[in-house]
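Structure at a glance
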Amino acid sequence: MQTIFKIIFLMSFLFFLGQVSAEDNVKHFLKLNKDGIKVYYYNHKNFNLGTFKAITYINTSLASTLAVMFDNESYPDWIHACTKSFVIKEISFNERYHYQILNMPFPFTDRDFIFHSILKQNPTTKAITIILTSISDYCNDKQSSQCNEVKKSNLVRVIKSIGTYKLEPYDKVLKITWVQHTDPTGNIPNWLVNQFIVDTPYWTLKNLAQKVKEYKYSKLIYDNDGFAVTLIARKQKPVKKAKDFDHFPTF
Amino acid sequence: MMDIRIKSLIKLILSSFLTVYIFPQNLQADEISFIPRTWIGVSDYSFYQSPRKGAMPDGSDFPKVKFDATLLIAGFGLTSVYDRFFLDLSYQDSSEETDSFTGANYFEKFEGDRRDYSTTLGMKILDYRGVIYVGYKNGKTSGRGNAGTQLTFEEDGLFIGVSYGWIVAETGFLAINVAYADLDGNLKEVPGPRYPSGLNLDADSEATGLSYGISWSAKISEKISYLINFDANDYTFNNLKDSTATKSLPDKVEESIYTGKISITYHF
């Protein structure tokens, strides 16, 4: 019975996501257009959650971007307000579960997520879509070391969150479209939700554009049908820049 | 004449307003990072005052005054960073150390200390390797003699500076720094009862300050860094004016401070 409820719940989310996507051109409006990142805010009558859509173009490859997205330990470096993330279970190249903690400003309690991610590919255009769905109780009946760590958490577990990253390669540029719907769970004031709706996509995509440079030698291996089956992630040590050091002289 | 402390306060408030006004408006909170820091160090302090010509009752010169002391210093500061701009507030105080004055058959043992505070607005240039900056600073040296003499040397005003640095072996940043300050100075000397009368001094002056030094900064962890500085600060007081003085004023007053310090910073 529980499984049926989960399926119904997931289908409902996907239905709402479809609704939102279908109405992209009608129901969203631009909240931020900065540094090549456009953030749209949704005011969807059927989806009263923190919802945004963000679009940017990054001068990078699909492989580099996937390498960053597959490296959960790097999430605090580029995902806005993320303090920790790790893989709970990797099912295949196309499917995995991961855990993620979101830092909330005082006095609010930090949130944590368990995401199920499904990777879908278009073998012709090579575009990849990653669908993230929160499965808050995934670890409840599991005994792995990762799940045991998740179960120790006393943070507020986010129940409703679903998002998609669409990665579309064009020549030397990658178009990233990120749509996210999240009910932060519990009492969070609207102003904070609205702040996250703008800050999260802006800073995350801005940081991502820098982070991918560390993974620029990564490579995707495709099968005969044009589907990516393996990612060879090559991470290199970031080159230090003057900006990385404290240099604030005074008299 | 307005008390120098009130003037200093007004300048500090005005410069703070100015820096806040200059800072880009409509900032997102997350675009600003805050870097508190604290430091300890050692300062080699020296003070020189030229003889006061004919200031003694017999018409002879009151001798030169020279103090040297090694001060332990500690301070704290907060740097707010937005993009290429930074705003820094800092305060530093010293231990109380001793030196003595000998001259014209007088001997007096002094205890003295020094404190400084400043606010700085800077902009990174040349791909973050260089910095140009302006700000306000106030420095005050106080001395108390065991024969009752009270001394205060204070300078405050605006400064401008430049700095440039190099990344060394991917591990740290080596920078040189030079700054010039156009200051107002005030020297107060209230001699103890054993000295001849009329030597009291409460003089305002123009003052210039020159600061130059070298620094090394490196990361301990992602959020924590350390910084080692060696700095020299020279202050020269010119055109002393004291409308109440009955004796001649010194022609030349100088302070030199050579400081080595180590700071720890934390990135929020």
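Residues numbered from 1 in each chain as written. Chains lettered and ligands numbered in written order. Predicted model: local features only at pLDDT ≥ 70, side-chain atom pairs only at ≥ 80, totals over all residues.

**Topic: the overall build of chain B**
Of regular secondary structure, chain B possesses 1 helix and 11 strands. In chain B, the succession of helices and strands from N to C terminus is α-β-β-β-β-β-β-β-β-β-β-β. Scored against the burial criterion, the 268 residues of chain B give a buried share of 34%. Contacts in chain B between residues at least 24 apart in sequence constitute 62% of all its contacts with a sequence separation of at least 6. (Helix = DSSP H or I, 4+ residues; strand = E, 2+ residues; numbered from the N terminus. Buried ≥ 20, exposed ≤ 12 C-beta atoms within 10 Å, placed from the backbone. Contact = placed C-beta atoms within 7 Å.)

**Focus on helix H3 (residues 62–70) of chain A**
An α-helical turn contains 3.6 residues, so a residue and the one three or four places further along point in the same direction. Most of H3 of chain A is tucked away, with 8 of its 9 residues classed as buried. Every buried residue belonging to H3 of chain A is among Ala 63, Ser 64, Thr 65, Leu 66, Ala 67, Val 68, Met 69 and Phe 70 of chain A, and all of these are buried.

**What about the interface of chain A and chain B?**
Across the contact, 13 residues belong to chain A and 35 residues belong to chain B. Taken together, the residues that form the side of chain A that touches chain B break down as 6 nonpolar, 2 polar and 5 charged. (Nonpolar A, V, L, I, M, F, W, Y, C, P; charged D, E, K, R; others polar.)

**Structural notes on helix H6 (residues 190–211) of chain A**
All names here are of chain A. When the terminal C-alpha atoms of H6 are compared, their 31 Å separation across 22 residues agrees well with the 32 Å that a helix rising 1.5 Å per residue should span. Bending of H6 peaks at approximately 25 degrees at the position of Asp 199, with proline Pro 201 no more than four residues after it. Every buried residue belonging to H6 is among Phe 196, Ile 197, Thr 200, Pro 201, Tyr 202, Thr 204, Leu 205, Leu 208, Ala 209 and Lys 211, and all of these are buried. (Expected span 1.5 Å × (residues − 1). Bend = angle between axes of the 7 residues up to and from the residue.)

**A word on the nonpolar core**
Ranked by size, the top nonpolar core spans 33 residues in total, and within it Leu 66, Val 68, Ile 176, Leu 205 and Leu 208 of chain A carry the most contacts. For this core, the secondary-structure elements that each account for two or more residues are strand S2 (37–42), strand S3 (50–58), H3, helix H4 (75–78), strand S7 (128–134), strand S9 (160–170), strand S10 (173–183) and H6 of chain A. Not counting chain neighbours up to four residues away, the residues in contact with Leu 205 of chain A comprise Ile 37, Ala 54, Thr 56, Ile 176 and Trp 178 of chain A. Ranked by size, the runner-up nonpolar core spans 25 residues in total, among them Tyr 45, Ala 181, Ala 203 and Leu 240 of chain B. (Core = buried A, V, L, I, M, F, W, Y, C linked by C-beta atoms within 7 Å.)

**Section: the pairing of strand S5 (residues 106–125) of chain B**
Residue and element names in this part refer to chain B. Alignment of strand S3 (residues 85–94) against S5, held across 9 bridges, turns out to be antiparallel. Residue Leu 87 lies in a different strand from S5, and its bridge partner there is Leu 121. Pairing analysis gives 7 bridges linking strand S4 (residues 97–103) to S5, with the strands arranged antiparallel. Opposite Gly 103, over in S5, you have Tyr 106 as the bridge partner. Following S4, the chain reverses through 2 residues before pairing antiparallel with S5; Ala 104 in that reversal takes a positive phi of roughly 50 degrees. Sheet topology note: the S5/strand S6 (residues 130–145) ladder contains 16 bridges and is antiparallel. When the sheet's bridge partners are listed, Lys 124 is paired in S6 with Val 131. Here S5 folds back onto S6 in antiparallel fashion, the turn holding 4 residues, of which Leu 126 has a positive phi close to 55 degrees. (Pairing = 2+ DSSP bridges.)

**Topic: the pairing of S6 of chain B**
Taken together, the 15 bridges between S6 of chain B and strand S7 (residues 150–168) of chain B define a ladder with antiparallel strand orientation. In the sheet register, Ile 132 of chain B faces S7 of chain B, and the bridge partner there is Val 162 of chain B.

**Considering the confidence of the model for chain B**
Per-residue pLDDT for chain B averages 88, and the proportion of residues at 70 or more is 89%. Taken together, the chains of this predicted complex give a pTM of 0.59 and an interface ipTM of 0.81. (pLDDT = per-residue confidence, 0-100.)

**Description of unusual backbone geometry**
Residues and elements named next belong to chain A. In this model, Phe 106 is joined to Pro 107 through a cis peptide bond whose omega is 10 degrees. Here Pro 107 shows up in the loop between strand S5 (95–102) and strand S6 (111–121). Its identity as a non-glycine residue notwithstanding, Asp 35 has a phi of 50 degrees, on the positive side. Positive phi is not limited to glycine here, since Thr 185 has a value of about 65 degrees. Here Thr 185 shows up in the loop between S10 and H6.

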